[in-house]
Each structure stands twice: as C-alpha cells, then as structure tokens.
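# A structural walkthrough
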Amino acid sequence: MSEIRPPRLGVVKLASCDGCQLTLLDLEDELLAIGARFDLVEFPEASSRRSDGPYDVLLVEGSVSTPAQAEQIQQLRERSRLLVTIGACATAGGIQAMRNFGKEPAWRASVYPQPELIQSLATATPVADHVNVDIELRGCPIDRYQLLELLTALRLGRRPQLPDEAVCLECKRRGRVCVLVAGGVACLGPVTQTGCGALCPSYARGCYACFGPREAANVGSLSAWLGADRPSGAVDRLFAGFTGYAPPFRDASARAMATFQPPAATGEEPD
Amino acid sequence: MALVNRRVGWQGGGMKPRVSLAGRLGSTWFGGGLPPRTRERLASIAEVRTFGPGEILLKEATECDHFGVLLSGLLAMQVLVPGQGSVTLLTVEPGDVFGWSAVVAPHRSTSTVVGIEAGEALAFGAEPLRDLLNADDVLAATLYPRLLQAVARRLTATRLQLLDLYAREQEVLPW
Amino acid sequence: MVIAPPGQEFLPRERFDALLDLLREGGRTIMGSKMRDGAVVLDEITSVDDLPGGWQDEQSPGRYRLTGDHGERLFDVVNGPMSWKQFTFPPRQAVASAQRNPDLSATFSARTPDPPRLAFLGVRACELAALRIHDRVLAGGAFVDEDYRARRDGALVVAVQCTRAASTCFCASMGTGPEVRDGHDLALTELEDGFLVSSGTADGARLLARLPTRRGTTAEEAAAAGAVAEVRAATGEAVALDGLHNRLMDQLDNPRWGQVADRCLACANCTMVCPTCFCTSSALRSDLNGTVTVAERVWDSCFTVGFAQVAGGNFRPRRSDRYRQWLTHKFATWVDQFGSYGCVGCGRCVSWCPVGIDVREELAVIAPPAVQPERGANRPAAATPGRFDIATLGALRNETADTSTLRLVPRDPALLAGLPGQFVMVDQPGFPAFPISASRYGSDHVELTVRAAGPATRALLSQPTGAQVGLRGPLGRPWPLQRAVGRDVVIVAGGIGLAPLRPLVEAILAERARYGSVLLTYGARSPADRLFVDELSAWAERGIEVAQIVDRSGPGWTGRVGVVTGLLDQRDFSARPTVAFVCGPERMMQTVATVLRDRGVAPERLFVSLERHMECGIGLCGHCQMGPFFVCRDGPVFAMSELGDLFAREGI
C-alpha cells in the first residue's frame, strides 16, 4: 500500500442482507482510525460519497443472483486492485443458494404472487465462481476482529492472519466444554473454519457452519458419527444452511433439499 | 448441582418433508440398490398394503398377483406339509422382497405369505409390473439384476439352513 | 503391588477446609476440579462445595458424561477436557511487543513473566508425569521458556492418588501411574471418611505439619493401597510399550494411516486436550498505525493446514500425514527427542475425539507386539498338571434334548472369580478332562452348560447331586468387555455358543447405562434347541434388543425362521464404532464375521471364541496350538484382527 495517499476502499453489495457491511460500522472504536487510514470512496450504507472506482481494496458482500449482478461483478473486478469477498453469501452463495438444486422456479412461484415479474438467475452463486477473488473473509456475518486484522494487515503490507483451522481449537483455547462430546449436541465445528471465537458453543448450542467448510473438512466421517443416533436425513439438514452450497457441504445439502417442497402458492395476499 | 445432557437441537425449518413412495422404496434394502429413475417408475404402479397378524397376502399354488417389498412388520413364508400342517420355511424382514413369482413364470406363488407382526408392504401389481418391464428395457435392465441379488441372498441363506450347522458341531474329542 | 509409604497422616473429611485455608495462604488461588457445562474443568476453588462431590465420570471414545448422587467423595471424577497446561502454559500468552519508531529504529521488549500464585489441587499421577515431561521439553534443554518456568516454579502441587479409573485411562500401561511417586508437594488418597496425606517436598512437609491430621491406621493404608491396586489392574493392558518406538517407526507405510485418516477430522481436539502437546504459533496484534505489534504465543496443532506450510508448499498436506505425525511423535520420536514417551495414558484424546478414534486401538493395529502377552487378570485354581480342585454337583436343568445346565459349588473361591468367556477344565475319575466355558460365575457356584456329545460329557450329566468332580480354572482370555464401554454392542450366538456369551450379557445388564445400544441375535436349529429360553425374554425387557431365529420351524413357533446372518446383513454398523462378540460353530462364526465386517464392524473390534482339542488348559500339553497361539492361554477369545486369515484356513 502506498503511503503517499491512503488506499481507496470501497464496499459494495450484491444479493445479501447487509449484515457484513454493517460489521465495518460495528468497529466503533476503530472507525475513526480506519477513516483516517483509508479513503472510503464508496459505501452506500454509510455515506453518500459515491465512486465507480478504481478501488485499491473492494469489499464485496452478497452472492450473484440476478443477471445484472453477473455483469456488475465483472466490472467491479476490472476496477479493483484487491477484491475481498466478505460473508457467507459472497464466499459460498449464502442461504439463497439453497435454491440452486433445481428449485428456483418452484420457490419463486411459491413466494411471489406474480413470479413472472422476478428476474433472477436459476442459481445464486459465490463471487469466486465468476471472477478471481484475492481474499475471503468468512462468516455470517463476518467477524469484526477479522475485518480489523485484514485492514491492519493491508496497511502494514503483511499477509492477514486468517487461520484455516477448525472452530474446535478456539473452543479449547477458551476453555469451552465440547457440546458434542459432553452433551451429544450436533455441532459442525470440526469441519468449519474458525473466526467467530467459538461463539455458538459458548452458548451450549452446536456450530452450524456459518463460516463455511475449512480445509480438509471431513464431512463424511462427522456425518456418519452424528447420523448414528439421529433420524435419517437429519444430518443432511444440518449442512443445508448458510454455507450449504460450498462444495464439501453441497452433496448433503442436495439430499436435504430434495425432501423439501415449497409451500403451494396460494395466490393470496400475505397477512 | 444441576445439569448434564441438555439437548439443544438443531433449529431446522418448520417444514415436514413428505416422503414419496419412491422415497420409501429407496429406504429399503431392496430399493436402495435400484437407481432413482427405476424407483420413480416402480413407484408409479405401487400401492401401500397394510396387514395384520394372520392375514394372508399370497396363497401357495395360486396365481401370484403382486410382487412386494416389506416396509415394516414381519411376514412368514409357509408351505403345507401333509401331516405337519403349515410349516414356516422362512420369515421375511423389512427391506426384503416376496412374491417374485409375479415376474417369474409360471407366476404361481411357491409359498403362502402371511403376516406375523402387523406392518406395511409396497405392493406392485403383477400384470402392471410385467407390462412395465416389457415396455421399458432400461427399467428391466436395472430391476432384474437386483431381483437376482435378492434371490441369491435367499439361496445362500437356505443353503446355510440346509447345512444344519448347529446339529453337527465339530466333535474334536470323543468325550 | 503398592506399599503405602510409612508415616501417612489422616485428614478427616470434615476438616478438609483446613487444607484449603492453608493452600490459600500468601495470596494463592486454588485451582481444582469444578463442574461446568456437563464436564469437569479446572477453575478457581474457594470452598469444598466447589469440588464435584458425589459425581463420577463415564468416559469412552467420543463420549463424556457425568452422573451424580454417588455419595460424598470429592475426587471420583477422574479428569475432563482441561489439563494443568491451562495454567503452566496458557492458551494465549502475550510474550513480546515490537515497535517501529519514526527514525526507523526498532524496539523489541519481551514481557516479564508475572505469573499468578497458584495451588493445583487434585493433580493425578498421569498429570504429574505430564508436568515432568513439560519440564524437560520447555525448561530442561538448552533453551528455556521463561514464562513456563516461572509459572511452574510458582505453583504448589497437591496430588491426588486415583482410586477410580475411567475406561479410557491407561496410565499403568504407559508406566506413569496410578501411583503418585514424586513431583508433588502434598499427596492425598481419598477414603470414605477422609484423606490419607503425605508430603513430597520440604514445602509440603511444612504444610502437612500444620494440618489437623492424626496418624493413619494400617487398615486405612491397606484400603488405600487396595484401591490404587484396582486402578492399576484396570489401566495396565492397553498399550504394549516394550519396543513400541521401533515397531511404530517401522510402519510409516502402513495402509492403516489412510484408513484412520478417513475417520479423522483433523480438528485438533486431541492435541488441545493432551497434557503434553506443546506446539504453538505466534499471533500478532498490531494497531492500525502499524507502530506497536504485540506477539502472543497461542496453542496450535500439527493437525492444522498452516502448521507445516512454507512458501510454495505444505509438508503435510494430507490428514493421514498429520495423524501419522501426531501418533509417531507421541509414541516414538518423542523418545528420541526427550528420552521418554510423550503420552501419559490419561485417555483425554480418546474421550474428546468427536468421532471416537482410540489411540490404544490404532497402536494395536498399526504396531502390534510380536507375541500376544499372556492374559489372566485372576489367579486360576489348580493351575498345574495333576491338580484339580474339588467341586460338588448341584442341581441340573435340562435346556434341550441333549444339553443341560449343571450347577457346581467349588471349594476354592478362585473358581468363582471368573470373567465372562473364561473356561474351566472338568475332570472325572476315569475320564479324560475336557474344557467347558462357564455359562455363569455366581457368588457361590458356577454353571456349566454341557452338551452330551460323548462318553465324558454324558458321564458328567448323569452324576447325581452331591457327586464330586475336579475343576481347574478359570482359564483363558475373557471377552474384553472394557472395549465395549460407551459403544454399541452386537452379540451373535449360534446354538450352544450362547453359553459362553450368557455371562457377558449378564455383565452388560448389571451396568446397562455404561453401554450404547445392545443387540443379541441368537440362531438355533429349531425352537426346541434353544438355551435359556426364559432368560432370553427377560433380557429383552431389560434394555437389550433380542432377536431369535431358527433354521427350521417347530410346532407353535410364530417367530423368525432363517439364518442368523439374515438379521445382520441389512444393518449398518459403520456409523459408530461397534463391538461384536460372536460364538457358535466355527463355520457359523466365519460366516457371521464376514457379514459383520461387510456391514462395518472393524476386525479389531470383532471377537470370537474358538475351540480346540485341549488336555491341560494351561498351555503345557501343546495340543491347542493354532499358528502362534495356544488357544487355551492366548484365547479362547480372539480379535479377528489378531487371527487374520488363520481363522478360515483349512488344516491350521
């Protein structure tokens, strides 16, 4: 990063809920420092300042879900030095990717009274399926300390420390008792990438993989173990969540989605 | 001191999956070895038959009017032996098949199939099944090998029964 | 044999607080066992109520449960996911900071260790061994971790002698326990009314002098020694330590590494809970201006992908590489590096592996010892040729047309202490002695279920009540029930093979909660040829699934007809490690073993009971040899993995 001028930082959104962008604003104590060290040129959620690029760092939230977004992401890539995808939607497709298993027409008809007015692609896909991505920040939403580490590392010019290891290490470092071994609770921590600080197991509930699969995620072994005393199909449903479209989880999600039918369209106004 | 074994379940959606006949067939041993398209085709002529203890599904030496895959309960295959009455040759566990005479000529049941414990079976009408197999080569090419496997399994078991293993245990010492 | 050291003091239970008060002197904080979130962790202890009084742990691969209401004892829970490295070698510890100054100079400052003053209450023998190992690794070589040294030196260690073992413990096997030898300031052994206390250092002796103790009685010391001896017996067999280093290093290409890697999640839980693992990484925290960066020493693991990463590649890209690294380090190369094995046998890695991988099993499969060690947890009666102990015949019950169950009352109580699966040699004047597996070891009798197959057995069954016969035993290796704790169990019996399995079923039912789901499949020739008919129904009421099947039907029979393999070949035993116990005619056991293997039972968890021509039963007559084994002494129970293809081979 050049010290002569602060790097031009942009934050844009495709199909998503906004939560990941909001994480930047959650860095309340550091916001002023970030504002001083970066030139925030595009961040519609927080500022009326607009720019079409070029960007030194572009944070992209959301999955590619419409024809317009498919075009937009190509242009954004061309205008960005470093493209960083943030969040489950951008890195794995998000919960909306559950329509990818051939269900999009049925779901669209079920939700919207006039489905013909909706222009969406049959699939909602991660940004990396369309363009080269330089760095991924996982999470649903992303962890603000990982975001801070990313921005700090970019300022210093070092590689950001985003460890690719299981949530289990963080649980154990924090002295958390394993909910799976001691409570029989279904937890996907062993196959999920760390970053959240082992948040869900801290509240005695199992991890549901919102940070997506880690390297060498052994989905088969964990599924077999969890499936031994659960009804058939229950384990597949554990994976069919916010990062269910990510390749290691995809087969399980496909099986789970095969058993779900969208409710019949009633054609009535919702309450 | 409170606690242990708190079960915090996975917060899944509120949707209850409807399991189709093809799905039920797929969850059995026999059906699990068939490709999905074959299961779908078979499901189109399937119906669920419930039965209770003592209820006869097929009668020995009469026309076999359906081929069945047992979903739950227990069935006995019996033959009539003069002087002994009805003798049970074999009991059929869930997942296994019965009534394959529906697709094997001369289409007459070789034993009486009767309920022992109440349950359900997927029944495939003999004529619709034979028509489907004649009309659809791909279906036949996937169903017959699986049927052969079921027959082979039963033959192996029958051979073990014949060996009468428990009667003549190895006598290694004349004591 | 443990001999209680002379001069042990006794602290009554109601005065335990006095110990806590003494430990807290000088501003020390006491760290000990505390219940949290369904496990026992190490946390601050302010009063005796903080300790898990009355609680016990039930541990097995991938499973940890606590149960309460077991009385008042404070130290029955053996261990939990935390070890003392939590305090001597904390998960996150700032060690240094670095500063880049405007004039481009740099300042590096190491953090001065400032450890809290702690007392460790309840350190077990295995954990003392782990502390010794860390002393060597982190402070005993050319380079010392000063933070570790400071924390270690500052801690007061109150050890606790284990009087109870979890099924995952194997300290005696690793040579690290259960006896507390040294490394402690004070040591406690808990009895019903209080604690025997001894000191191990001058500091400890000074504290002991100030405790309200009295001299321990010889009875109390004997009780303590007895309890510890039982723990030793329960933890001594799992790992064949002799020569393990070389055996393991010879197996770097063993295909088993790939097989365990298919199950291994590389989640690093084993290394996190291990009290001797010490690998760390440096985590940097910088401020946004990039001026000051703090470096933290953070627990890491050889199972993470980043661990062996360099620019341009990774030295251990596959899970199998990493599992092999961990196991060979712990059980082989650690010896080369530090002069001892790295494992202390605490069993935490076995319990806290989310998919229940058991290092004891993996070692037994990858690096088995050349010859099976002699088994025998008990002392058999009349264990020499020519001697038999007298037993008196009691009631006889007919089971089938040719099989009866005979009750015998032996004189020597050693004959009553048999374990399920062991057999006795039965001798009658004028007839050759023959082996029979006991179908029950009662409190004052044994039961033998005998088939009248020849002159000697017919003679036995025709003796009247009160007649005497000779017995030798209990002999042989029993069913390894310990391996089934916390796991699903499948028992397959064929014909008279149900007899040696009956005491196994009764042992499981006596402590049903310790096991997972239990399935018993029993195949017999016909309904009239079944043994223990009433008991079969009773067992089904007590929480095990009983499925009976007969080769041929009989009058009035409304049950299953067919072969016993038909009850097994549609089930899936691969989801969780399942233990199988099989007994029946050898041909039947072969068929069943094949089906169970196909359905997912691993050969090292599949046990059969073999029969051979035996004349002495104690490995001296040579008749019962089978390959490298003497069936009477190394069996009759064998794991399929030990037998390999000997089992189905003709003429062995």
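Structural data are supplied above this passage.
We now turn to the structure provided with this report. What you see is a predicted model; the values in this text were computed from it and never measured. (Residues numbered from 1 in each chain as written. Chains lettered and ligands numbered in written order. Predicted model: local features only at pLDDT ≥ 70, side-chain atom pairs only at ≥ 80, totals over all residues. Heavy atoms only, no water.)

### Things to note about the interface of chain A and chain C
For clarity, the cut-off: By definition, residues are in contact when any of their heavy atoms lie within 4.5 Å. Put simply, buried area is how much 1.4 Å-probe accessible surface two parts lose in total, over both of them, once they are put together. The term salt bridge refers to a side-chain nitrogen of Lys or Arg lying within 4 Å of a carboxyl oxygen of Asp or Glu. Here a polar contact means two N or O atoms within 3.5 Å. Within protein one must be a hydrogen donor candidate and the other an acceptor candidate, and residues neighboring in sequence count only if both atoms are side-chain atoms. Helix and strand labels come from DSSP, where a helix needs a run of H or I of at least four residues and a strand needs a run of E of at least two; each type is numbered from the N terminus. Under this grouping Gly is polar, as are all residues other than the nonpolar Ala, Val, Leu, Ile, Met, Phe, Trp, Tyr, Cys and Pro and the charged Asp, Glu, Lys and Arg.
In this assembly, 40 residues from chain A lie in contact with 52 residues from chain C. Between chain A and chain C lies a buried interface of about 3,400 Å² when both sides are counted; carbon and sulfur atoms form 59% of it. Together, Arg173(A), Val181(A) and Trp225(A) form the three largest contributors to the area buried by chain A at its contact with chain C, with a combined 22%. Between the two partners, chain A and chain C, sit three salt bridges. In this structure, the salt-bridge partner of Asp229(A) is Arg576(C), at a minimum N-O distance of 3.3 Å. Connecting chain A to chain C are 19 residue pairs in polar contact (both at pLDDT 80 or more). Put simply, the parts of the chain that give the side of chain A that touches chain C at least two residues each are α2 (28-37), α6 (144-156), α7 (167-173), α8 (179-183) and α9 (219-227) of chain A. The element contributing the most residues to the side of chain A that touches chain C is α6(A), with six residues. Considered class by class, the residues forming the side of chain A that touches chain C number 20 nonpolar, seven polar and 13 charged.

### Observations regarding unusual backbone geometry
Heads up, the rule is: When a residue's accessible area, from a 1.4 Å probe over protein chains only, is under 20% of the maximum for its type it is buried; when over 50% it is exposed; and in between it is partly exposed.
Between Gly53(A) and the following residue, Pro54(A), the backbone shows a cis peptide bond with an omega angle of -10°. The step from Ala105(B) to Pro106(B) runs through a cis peptide bond, and the omega angle for that step is 0°. Counting through the fold element by element, Pro106(B) comes out in the loop between β6 (97-98) and β7 (112-117). Even without glycine at this site, Ala204(A) takes up a positive phi of about 60°. Within the secondary structure, Ala204(A) is located in the loop between α8 and α9. In the Ramachandran plot, Leu104(C) falls in the positive-phi region, its phi being about 75° despite a non-glycine side chain. Within the element layout of this structure, Leu104(C) appears in the loop between β6 (92-100) and β7 (106-110). For Leu104(C), a relative accessible area of 66% translates into the label exposed.

### Let's talk about the pattern of salt bridges
Taken as a whole and assessed by the stated rule, the structure comprises 70 salt bridges over all chains. Among the salt bridges present, the one from Arg5(A) reaches Asp56(A), with a minimum N-O distance of 2.7 Å. Here the residue Arg5(A) occupies a position in the segment before β1 (8-13), and Asp56(A) occupies one in strand β3 (residues 55-61), the gap between them amounting to 51 residues. Relative accessible area serves as the criterion here: at 6%, Asp56(A) is assigned to the buried category. In this structure, Asp321(C) and Arg318(C) form a salt bridge, with 2.9 Å as the shortest nitrogen-oxygen distance. Salt bridges sharing common partners tie together Arg397(C), Glu399(C), Arg407(C), Arg440(C), Glu447(C), Arg502(C), Glu506(C) and Glu535(C).

### Some details on the packing of helix α3 (residues 36-43) of chain B against helix α5 (residues 137-163) of chain B
Residue and element names in this part refer to chain B. Filter applied, for reference: Note on geometry: axes are C-alpha line fits, over the in-contact stretch for helices, and angles between N-to-C directions span 0 to 180 degrees. Should an angle fall under 35 degrees it is called roughly parallel, over 145 degrees roughly antiparallel, and 65 to 115 degrees roughly perpendicular, with every other angle called oblique.
Closest axis-to-axis distance for the α3/α5 pair is 10 Å, and the angle between their directions is 105°. By the angle class used here, α3 and α5 are roughly perpendicular. Taken together, the residues of α5 that come into contact with α3 (itself represented by Arg37, Thr38, Arg41 and Leu42) are Val138, Leu139, Thr142 and Leu143. Split by residue class, the contact of α3 with α5 holds four nonpolar, two polar and two charged.

### Comments concerning the sheet that holds strand β14 (residues 292-299) of chain C
All names here are of chain C. Condition: Should DSSP find at least two bridges between two strands, the strands are taken to pair.
Pairing is antiparallel across the open sheet formed by four strands, whose spatial order is β7-β6-β14-β13. Each edge of the open sheet is held by one strand with a lone partner, namely β7 and β13 (280-286). Averaged over all adjacent pairs, the angle separating strand axes in this sheet is 25°, with direction ignored. Direction of pairing for β13 relative to β14: antiparallel, over a ladder of seven bridges. Bridge pairing links Ser282 to Arg297 in β14.

Everything listed is a geometric property; what it means functionally is a separate question.
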